[in-house]
2 protein chains.
Amino acid sequence: MAIPVLRPFTSIAYSTSRDLQLISSTDSPTLCSVHKPKRLVCCATPSVSNHVGSEVGVRLSVGTHFIPHPDKVEKGGEDAFFISSHSGGVLGVADGVSGWAEKDVNPALFSRELMANASSFVEDEEVNYDPRSLIRKAHAATSSIGSATVVVAMLEMNGILKIASVGDCGVKVIRKGQVAFSTSPQEHYFDCPYQLSSEAVGQTFLDATVTTVELMEEDTVVMGSDGLFDNVFDREIVSVVSSCDNVSDAAKALANLAHNHSKDSSFDSPYSQEARSQGFDVPWWKKIMGMKLTGGKLDDITVIVGQVTSSLSS
Amino acid sequence: MAIPVLRPFTSIAYSTSRDLQLISSTDSPTLCSVHKPKRLVCCATPSVSNHVGSEVGVRLSVGTHFIPHPDKVEKGGEDAFFISSHSGGVLGVADGVSGWAEKDVNPALFSRELMANASSFVEDEEVNYDPRSLIRKAHAATSSIGSATVVVAMLEMNGILKIASVGDCGVKVIRKGQVAFSTSPQEHYFDCPYQLSSEAVGQTFLDATVTTVELMEEDTVVMGSDGLFDNVFDREIVSVVSSCDNVSDAAKALANLAHNHSKDSSFDSPYSQEARSQGFDVPWWKKIMGMKLTGGKLDDITVIVGQVTSSLSS
């Protein structure tokens, strides 16, 4: 790739996939190496759901799950994410671009610091509940070398979910058994997403796609890194969400499904379909034997599932 | 289909596909059977582009093209649409549900009246520049028997495009050679979309998915009935938009591409892919011979293409 590109955030290493829980720095300060760990999700804990959102109106009940790339288990992968209880709830995922490893840079540092900064600026006056401004401030405050894709979603108490995204992390809204809303990934070319960077060559908040969707009670918000969306089809996301009793189970089931597909070389994944649609495929002599490019994409997999509920009090 | 469902609006019959132009009732009052034809697109004229949007800020330069279902050419099809110059521009498409023909109801009447009403309420104080409110008022004022899918998009001068959609008409935003935003279709089951109806069994404005996307200068907005999106892939829409010099050419090229694909029984269209993903396919004995369900979908095809430009004056 011409532009070194990175992926997800967790500041500790863990060797198996486990649910991740919203914690504060005071809950578990030693688990967070990032310098502004407030409201950061950064460690493995038993599966739980968290209500994020603290005023009267709608809020999100959130479950999370992270599974690192099989080759990155010891270092905890390169995805990063945070959830916050501000207003109706704030969610963010960043995916450190792995190409930086070739330059002896840990691809996780940029995404982790970016999410730590985003988490710390959630209530900032300048941000004023605008996810693009939050990305701007978080990026400006990030001093690590590297780059990352990022998506941030902020739920207002009136049910409006405002989303800013740079790259191929994404958000989907599931309503009444179907996908009601999806973000669209941005890429320079196949497998090289738009990305915030420490270098001038990267994108900025100005390149973010900014969208809103009016949520309804009982909607489910699914946010993830491309490790989820490259390996799991929309219909599967809908099916999993419908079959799970709670957000933690849904996040875990989605991450596990993505993980299983990512390791399945015969699975005709969204990733392999997209590759073929862009002209990548097996050699011609395999094609005439009826073969085609298939397989999931090994990657860090971050999943945040939020259920919209009404809130009568904090 | 359990629920009779309808499709597009033109109030005159024409036998070949031609570009449709924004006209007012004073321009060509006899061409419009709808009772509030102000700002309605309703007749075949030479290809043109129109600037819709009348204040300082951003506005849309719009081109349109409509091709009726081959079996519905004489009656002008069942799609309907309008464009308005209010604020940054307002676009709407409705698709009369063809199932009503089985009940001896002209499926075009509901969609035409719905779009006529929507057009007349664009500047209504109660609507207050909210596309869902516009759908609510237009639906309430529609007395024809029938039903239709509908999408309405209203561009504010600050660049925010607000969209409300019931069913499988859609909007895409093309930015820098890729799809930056897409609406998601709503359906009860395969080929039976959510729809506004004259009957209590149908959907209402409350079922609309409401989204916004912040447009940038040079973005291209593509709105259409499912006749476009069932027959043309995103990558083809991007390619056509990129290759055309103006919005009228783009609308015409997209509609022609959709029309050609719709008649091609060997084309593996978005429609046939969706059908297969939902379990519809050729019989098993054809499958073991390597055959699969393919083909476009014969349908009315409405395309509206809007280019975002800055506006220094009206």
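Where an unreviewed UniProt entry is consulted, chain A appears under the name Protein phosphatase, with the organism given as Sesamum indicum.

**Student:** Outline the packing of helix α4 (residues 234–243) of chain B against helix α5 (residues 247–262) of chain B, listing residues and values.
**Tutor:** Residues and elements named next belong to chain B. Where α4 contacts α5, the axes come no closer than 9 Å and their chain directions differ by 145°. You can see that α4 and α5 cross each other, and the crossing is right-handed. Residue-level inspection shows Glu-236, Ile-237, Val-240 and Val-241 of α4 in contact with α5, the latter providing Ala-250, Ala-253, Leu-254, Leu-257 and His-261. Taken together, the residues that form the contact of α4 with α5 break down as seven nonpolar, one polar and one charged.

**Student:** Go over the packing of aromatic side chains, please, and point to the residues and values.
**Tutor:** Counted by the stated rule, this structure contains six aromatic pairs over all chains. Aromatic side chains B:Phe190 and B:Phe280 sit 5.1 Å apart centroid to centroid with 35° between the ring planes, which places their arrangement in the tilted category. Of this pair, B:Phe190 sits in the loop between β11 (187–189) and β12 (192–193) while B:Phe280 is found in the loop between α6 (270–277) and α7 (284–287), placing the two residues 90 residues apart along the sequence. A residue is classified by how much of its surface remains accessible, and B:Phe190, at 14% relative accessible area, is buried. With 6.0 Å between their ring centres and 70° between their planes, B:Phe233 and B:Phe267 make a pair best called edge-to-face. In this pair, B:Phe233 is assigned in the loop between α3 (226–229) and α4 and B:Phe267 in the loop between α5 and α6, connecting sequence segments 34 residues apart. Per residue, the accessibility class of B:Phe233 equals that of B:Phe267, and both read buried. One aromatic cluster in this structure is built from A:Phe190, A:Tyr271 and A:Phe280.

**Student:** Pulling in residues and values, what's your account of the interface of chain A and chain B?
**Tutor:** Taken together, the contact between chain A and chain B spans 26 residues of the former and 26 residues of the latter. Interface of chain A and chain B: buried area, both sides summed, is about 1,900 Å²; carbon and sulfur atoms make up 35% of it. Looking only at chain A, the three residues that lose the most surface to chain B are A:Gln178, A:Ser184 and A:Glu214, adding up to 25% of its buried area. Our enumeration of links across chain A and chain B arrives at four salt bridges. Of the charged contacts in the structure, one is a salt bridge between B:Glu214 and A:Arg132, with a shortest N-O distance of 2.2 Å. Elements with a minimum of two residues in the side of chain A that touches chain B: β10 (178–183) and β14 (209–214) of chain A. The element that contributes the greatest number of residues to the side of chain A that touches chain B is β14(A), accounting for six residues.

**Student:** Tell me about the relation of the copies chain A and chain B, and name the residues and values.
**Tutor:** Turning chain A through 180° and shifting it by 0.0 Å along the axis lays it on chain B, with an RMSD of 0.0 Å. Viewed as a symmetry operation, the transformation between the two copies matches a two-fold axis. Scanning chain A for the C-alpha nearest the rotation axis identifies A:Thr212, at a separation of 2.5 Å. Most of the interface of chain A is mirrored in chain B, where 100% of its interface residues again form contacts.

**Student:** Give me the pattern of salt bridges: which residues, what numbers.
**Tutor:** Residue and element names in this part refer to chain A. All chains considered together, the criterion is met by 32 salt bridges over all chains. Between Asp-191 and Lys-297 there is a salt bridge, and its shortest N-O distance comes to 3.2 Å. Of the two residues, Asp-191 sits in the loop between β11 (187–189) and β12 (192–193) while Lys-297 sits in the loop between α7 (284–287) and β16 (301–311), which places them 106 residues apart along the sequence. Taking relative accessible area as the criterion, Lys-297 reaches 11% and is therefore assigned buried. The shortest N-O distance in the salt bridge between Asp-226 and Lys-297 comes to 3.1 Å. One end of the pair, Asp-226, is in helix α3 (residues 226–229); the other, Lys-297, is in the loop between α7 and β16, and 71 residues separate them in sequence. Overall, Asp-226 belongs to the buried group, its relative accessible area being 1%.

**Student:** Kindly report on unusual backbone geometry, identifying the contributing residues and their values.
**Tutor:** Residues and elements named next belong to chain B. The backbone of Ser-87 shows a phi angle near 50°, a positive value even though the residue is not glycine. Assignment of secondary structure puts Ser-87 in the loop between β5 (79–84) and β6 (90–96). At Asn-128, a residue that is not glycine, the phi angle is positive and equals roughly 50°. Topologically, Asn-128 is positioned in the loop between α1 (107–121) and α2 (131–140). Residue classification places Asn-128 among the exposed residues on the basis of a relative accessible area of 60%.

**Student:** Go over the side chain of A:Asp79 with me, naming the residues and quoting the values.
**Tutor:** Topologically, A:Asp79 is positioned in strand β5 (residues 79–84). Only 2.6 Å separates the side chain of A:Asp79 from the side chain of A:Thr302, close enough to count as a polar contact.

**Student:** How would you sum up the nonpolar core? Please name residues and give values.
**Tutor:** The biggest cluster of nonpolar side chains holds 46 residues, and the ones touching the most others in it are A:Leu161 and B:Leu161. Leaving out residues up to four positions away in the same chain, A:Leu161 has contacts with A:Ala153, A:Met154, A:Leu155, A:Val171, A:Thr211, A:Thr212, A:Val213, A:Leu215 and A:Val221.

**Student:** Describe in detail the pairing of strand β4 (residues 57–67) of chain B, supporting the description with residues and values.
**Tutor:** Residue and element names in this part refer to chain B. Of all eleven residues that make up β4, ten are buried, and the element is covered over most of its length. As judged from the eleven bridges shared by β4 and strand β16 (residues 301–311), these two strands associate in the antiparallel manner. The residue of β16 that forms the bridge with Gly-57 is Ser-311.

**Student:** Report on the UniProt feature "domain: PPM-type phosphatase" (unreviewed entry) in chain A, specifying residues and quantitative values.
**Tutor:** Under the local residue numbering, the UniProt record ascribes the feature "domain: PPM-type phosphatase" (unreviewed entry) to residues 61–308 of chain A. Counted over residues 61–308 of chain A, helix gives 27% and strand 30%. Its end C-alpha atoms are 7 Å apart.

**Student:** Just give me the short version of the layout of surface pockets, but keep the residues and values in it.
**Tutor:** Residue and element names in this part refer to chain B. Within this model, the second largest pocket holds a volume of roughly 290 Å³. Lining the second largest pocket are 18 residues; nearest its centre among them are Glu-218, Asp-219, Thr-220, Val-241 and Gln-307. Elements represented by at least two residues in the lining of the second largest pocket include exactly β9 (170–175), α4, α5 and β16. Looking at side-chain class alone, the lining of the second largest pocket contains seven nonpolar, five polar and six charged residues.

Definitions and limits used
Residues numbered from 1 in each chain as written. Chains lettered and ligands numbered in written order. Predicted model: local features only at pLDDT ≥ 70, side-chain atom pairs only at ≥ 80, totals over all residues. Heavy atoms only, no water. Axes fitted to C-alpha atoms, helices over the stretch in contact; angles between N-to-C directions. Helix = DSSP H or I, 4+ residues; strand = E, 2+ residues; numbered from the N terminus. Left-handed = near helix turned anticlockwise from the far one by under 90°. Contact = heavy atoms within 4.5 Å. Nonpolar A, V, L, I, M, F, W, Y, C, P; charged D, E, K, R; others polar. Phe/Tyr/Trp six-rings, centres within 6.5 Å; stacked < 30°, edge-to-face > 60°. Buried < 20%, exposed > 50% of the residue type's maximum accessible area, 1.4 Å probe, protein only. Buried area = accessible area lost by both parts, 1.4 Å probe. Salt bridge = Lys/Arg side-chain N within 4 Å of Asp/Glu carboxyl O. Least-squares fit on C-alpha atoms with pLDDT ≥ 70 in both. Polar contact = N/O pair within 3.5 Å; in protein donor to acceptor, adjacent residues only side chain to side chain. Core = buried A, V, L, I, M, F, W, Y, C linked by side-chain atoms within 4.5 Å. Pairing = 2+ DSSP bridges. UniProt positions renumbered as here; feature names shortened; annotations may be inferred. 1 Å grid on protein atoms, 1.4 Å probe; cavity = no way out; pocket = protein on both sides within 12 Å on 5 of 7 lines; lining within 4 Å. Points joined across faces, edges and corners; volume = space filled by probe spheres on them.

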